[in-house]
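# Commentary on secondary and tertiary structure
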Amino acid sequence: GAVVSQHPSRVICKSGTSVKIECRSLDFQATTMFWYRQFPKQSLMLMATSNEGSKATYEQGVEKDKFLINHASLTLSTLTVTSAHPEDSSFYICSAGVPVSETQYFGPGTRLLVL
Amino acid sequence: GDSVTQMEGPVTLSEEAFLTINCTYTATGYPSLFWYVQYPGEGLQLLLKATKADDKGSNKGFEATYRKETTSFHLEKGSVQVSDSAVYFCALEYGNKLVFGAGTILRVKS
């Protein structure tokens, strides 16, 4: 099946710094990628939908200036958490949509801890 | 808005026991319904899906039936194995977006 990778798998950073998370579709081209956030014991919450070559569409309540999303190629989308604060600590998961089948394939997630 | 509610875990079962994980949803219209599974250290994988009322999705011995009258999509398996230990997520799809339940941890003991 289709494989999606994320890098890094976990990251610890100081408050005020920026962190970039990469999401790659390894064996297929994804015109659409999705970014989710998961809090402990809670469901995945969609943050934004990223389309290759265009601006991301953010869900209500998600700060687009804080969570910068770039989808520059059909196999790579990045999420940058700018000026991270402890409340941004969470598990971030990406998924990539396969055209036509409309199936989403998920990455293994990135654990972010902001000190 | 649309939402999914699934039973809290963890659910702990002995090998070969019968499994049910309850899932109910609230939605306008008739969404597609999914069960995803997340094994330790891996990404979510689609387990099964149903796109309309009375459809039954099945895969790897797991089944779920789309019940419009009770707005439910309960996951069942007749005989679980230790390898089924994972987190199970119920989800609905509207407008190409997925809405997830909180996830249910399943632990199967040998």
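Here's a quick rundown of the structure. Because the structure is a prediction, the values reported are computed rather than measured.

We now examine the overall build of chain B. Per the secondary structure count, chain B includes zero helices and 12 strands. What you see in chain B, going N to C, is helices and strands ordered as β-β-β-β-β-β-β-β-β-β-β-β. Over its C-alpha trace chain B gives a radius of gyration of 13 Å, about what one expects of a compact globule, namely 13 Å for 110 residues. With the principal axes as the frame, chain B shows a C-alpha extent of 40 × 25 × 20 Å. Within the structure as shown, chain B displays about 5,300 Å² of accessible surface, and the carbon and sulfur contribution to it stands at 47%. Separation between the mean location of the 10 positive side-chain charges and that of the 12 negative ones in chain B comes to 3 Å.

Residues and elements named next belong to chain A. Scanning all chains against the criterion turns up two disulfides over all chains. The disulfide partner of C23 is C94, and the gap between their sulfur atoms is 2.0 Å. With the S-S bond torsion at 80 degrees, the cross-link from C23 to C94 turns out right-handed. Of this pair, C23 sits in strand 3 (residues 19-25) while C94 sits in strand 9 (residues 90-97), placing them 71 residues apart in sequence. For C23, a relative accessible area of 0% translates into the label buried. For C13, which is in no disulfide, the shortest distance to another cysteine sulfur is to C94 and amounts to 18 Å.

The next point concerns the pattern of salt bridges. Where charged atoms from two side chains of opposite charge approach closely, those side chains can pair. If you walk through the whole model with that rule in mind, you get six salt bridges over all chains. The partner of A:R24 in a salt bridge is A:E22, with the nearest N and O atoms 3.4 Å apart. Across the pair A:E59 and B:K97 runs a salt bridge whose closest N-O atoms are separated by 2.8 Å. Note that A:E59 is positioned in the loop between strand 6 (57-58) and strand 7 (67-73) and B:K97 in strand 11 (residues 97-100), a pairing that runs across two chains. Of the residues examined, B:K97 reaches a relative accessible area of 21% and is grouped as partly exposed.

Our next topic: the nonpolar core. One recurring pattern in soluble globular proteins: nonpolar side chains tend to sit buried together. With 27 residues, the main nonpolar core has B:L19, B:W35, B:L47, B:L48, B:F73, B:L75 and B:Y88 as its most contacted residues. Residue assignment for this core shows that the elements contributing at least two residues are strand 2 (11-14), strand 3 (19-21), strand 4 (23-26), strand 5 (32-38), strand 6 (45-50), strand 8 (62-65), strand 10 (86-94) and strand 12 (104-109) of chain B. Ranked by the residues each element gives to this core, the list is headed by strand 10 of chain B, at four residues. Grouped together as the second largest cluster of nonpolar side chains are 23 residues, A:V4, A:A30, A:C94 and A:A96 included.

Attention now goes to the packing of aromatic side chains. On inspection of all chains with the given rule, the structure shows 11 aromatic pairs over all chains. With centroids separated by 6.2 Å and ring planes inclined at 85 degrees, the aromatic side chains of B:F89 and B:F100 adopt a geometry described as edge-to-face. Here B:F100 lies in strand 11 and B:F89 lies in strand 10, a separation of 11 residues in the sequence. In this pair, the class of B:F89 matches that of B:F100, namely buried. In this structure an aromatic cluster arises from ring pairing among A:Y36, A:F106, B:F34, B:Y36, B:F89 and B:F100.

Bringing the interface of chain B and chain A into the picture now. The interface of chain B with chain A comprises 15 residues on the first partner and 18 residues on the second. Between chain B and chain A the total buried area reaches about 1,200 Å² when both faces are included, carbon and sulfur atoms providing 55% of it. Contact with chain A buries area across many residues of chain B, yet B:L44, B:K97 and B:F100 alone supply 35% of it, more than any other trio. Linking chain B with chain A are one salt bridge. Among the elements of the structure, strand 5, strand 10 and strand 11 of chain B are those that each provide at least two residues to the side of chain B that touches chain A. If one sorts the elements of the side of chain B that touches chain A by residue count, strand 11 of chain B sits on top with three residues. Among the residues forming the side of chain B that touches chain A, the class breakdown is seven nonpolar, five polar and three charged.

Looking now at the sheet that holds strand 3 of chain A. Residues and elements named next belong to chain A. Within the open sheet, the four strands sit side by side as 1-3-8-7. Their pairing is antiparallel. Looking at strand neighbours, the two that pair on one side only are strand 1 (4-7) and strand 7, the edges of this open sheet. Taking each pair of neighbouring strands and ignoring which way they run, the sheet shows an average axis angle of 15 degrees. One ladder, built from five bridges, connects strand 7 with strand 8 (residues 76-81); its direction is antiparallel. Of the residues in strand 8, the one forming a bridge with I69 is L79.

Rules used in this analysis
- Residues numbered from 1 in each chain as written.
- Chains lettered and ligands numbered in written order.
- Predicted model: local features only at pLDDT ≥ 70, side-chain atom pairs only at ≥ 80, totals over all residues.
- Heavy atoms only, no water.
- Helix = DSSP H or I, 4+ residues; strand = E, 2+ residues; numbered from the N terminus.
- Rg over C-alpha atoms; globule rule 2.2 N^0.38 Å.
- Areas by Shrake-Rupley, 256 points an atom, 1.4 Å probe, with all protein chains shown as cover.
- Lys, Arg positive; Asp, Glu negative; His and termini not counted.
- Charge placed at Lys NZ, Arg CZ, Asp CG, Glu CD.
- Disulfide = S-S within 2.5 Å.
- Buried < 20%, exposed > 50% of the residue type's maximum accessible area, 1.4 Å probe, protein only.
- Salt bridge = Lys/Arg side-chain N within 4 Å of Asp/Glu carboxyl O.
- Core = buried A, V, L, I, M, F, W, Y, C linked by side-chain atoms within 4.5 Å.
- Phe/Tyr/Trp six-rings, centres within 6.5 Å; stacked < 30°, edge-to-face > 60°.
- Contact = heavy atoms within 4.5 Å.
- Buried area = accessible area lost by both parts, 1.4 Å probe.
- Nonpolar A, V, L, I, M, F, W, Y, C, P; charged D, E, K, R; others polar.
- Pairing = 2+ DSSP bridges.
- Axes fitted to C-alpha atoms, helices over the stretch in contact; angles between N-to-C directions.

By themselves these figures say nothing about function.
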